[in-house]
Amino acid sequence: MTASSPPAGSTTLRDQLIADHHDLERVIRQLLVGFDKGIPEDLVVSWNRFETTLVRHMSVEERFVLPHFERAHATVAMEIRADHVEFRQRLAEMRSDLRLHFGRLPSARRFLGRLEAHSAREDRVLYSWLSSHRGGIDGDALLRALDRPAPSIRLRATSDGES
Ligand SMILES: [Fe+2]
Ligand SMILES: [Fe+2]
């Protein structure tokens, strides 16, 4: 994945979801720095932002995208949902670890690695599908729930040249 923003004048739901992944990656990098330095204040701020963004992002996918995607791709959708269940469990476990062991979370990097792999798979499979099969998805409601800055132009189902 790259850290690019959606191109001006060409924004899609896919762009917005990928931008959300990029935000999560930035917070993950801040978290890893916090783990290395063991600075409790930095860690708590980054953790809160990470958890809030991730939980909101997963909820948006489950509410707006997966119900449509799973009609054609039931197995992949089920695996994505299973990842989300696992991530919510791990978030709860790691939040309690965070209070007890600042800077010493041996499983944190594994969890963040799993999350990066999940995001990369969604970029490839789920969001590619979204860019060409948006029928039935309420894009405005999705964007409101995602709580990202409103795009300055009208949303389009696909970008030119997207498959
Ligand atoms: Fe996801
Ligand atoms: Fe995602």
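Residues numbered from 1 in each chain as written. Chains lettered and ligands numbered in written order. Predicted model: local features only at pLDDT ≥ 70, side-chain atom pairs only at ≥ 80, totals over all residues.

(A) Structural detail: the overall build of the chain. Of regular secondary structure, the chain possesses five helices and zero strands. The secondary structure elements of the chain, listed N-terminal to C-terminal, are α-α-α-α-α. The buried share among the 163 residues of the chain stands at 25%. (Helix = DSSP H or I, 4+ residues; strand = E, 2+ residues; numbered from the N terminus. Buried ≥ 20, exposed ≤ 12 C-beta atoms within 10 Å, placed from the backbone.)

(B) Broad picture of the packing of helix α1 (residues 13-37) against helix α5 (residues 139-146). Interhelical geometry of α1 versus α5 gives an angle of 15 degrees and a closest axis separation of 11 Å. Here α5 runs roughly parallel to α1, going by the angle between their axes. As α1 packs across α5, the resulting crossing turns out to be left-handed. Contacts between α1 and α5 involve L13, Q16 and D20 from the former and G139, L142, L143 and L146 from the latter. Of the residues contributing to the contact of α1 with α5, the split by class is four nonpolar, two polar and one charged. (Axes fitted to C-alpha atoms, helices over the stretch in contact; angles between N-to-C directions. Parallel < 35°, antiparallel > 145°, perpendicular 65-115°, else oblique. Left-handed = near helix turned anticlockwise from the far one by under 90°. Contact = placed C-beta atoms within 7 Å. Nonpolar A, V, L, I, M, F, W, Y, C, P; charged D, E, K, R; others polar.)

(C) Main features of the environment of D15. Checked against the element boundaries, D15 lands in helix α1. On the basis of neighbour counts, which here come to 22 C-beta atoms within 10 Å, the residue D15 falls in the buried class. Sequence-wise, D15 and Y127 are 112 residues apart; in three dimensions their C-alpha atoms are separated by 8.6 Å.

(D) Inspection of the environment of D147 at higher detail. Checked against the element boundaries, D147 lands in the segment after α5. Considered as a pair, D147 and R56 are 91 residues apart in the sequence and their alpha carbons are 8.6 Å apart.

(E) The arrangement of the environment of L146 in detail. Tracing the backbone shows L146 in helix α5. The exposure class assigned to L146 is partly exposed, which follows from the 19 C-beta atoms found within 10 Å. Along the primary structure L146 and H57 are separated by 89 residues, whereas in three dimensions their C-alpha atoms are 6.4 Å apart. Residues within four places of L146 in sequence aside, it is in contact with Q16, D20, R56 and V60.

(F) Structural view of the packing of α1 against helix α4 (residues 108-132). It is at 10 Å that the axes of α1 and α4 come closest, and there the two elements cross at 170 degrees. The angle between the axes of α1 and α4 places the two elements in the roughly antiparallel class. Two secondary-structure elements touch here, α1 through L13, R14, L17, I18, H21, L24, I28 and F35 and α4 through A108, L112, S119, D123, Y127, L130 and S131. Tallied by class, residues from the contact of α1 with α4 come to 10 nonpolar, three polar and two charged.

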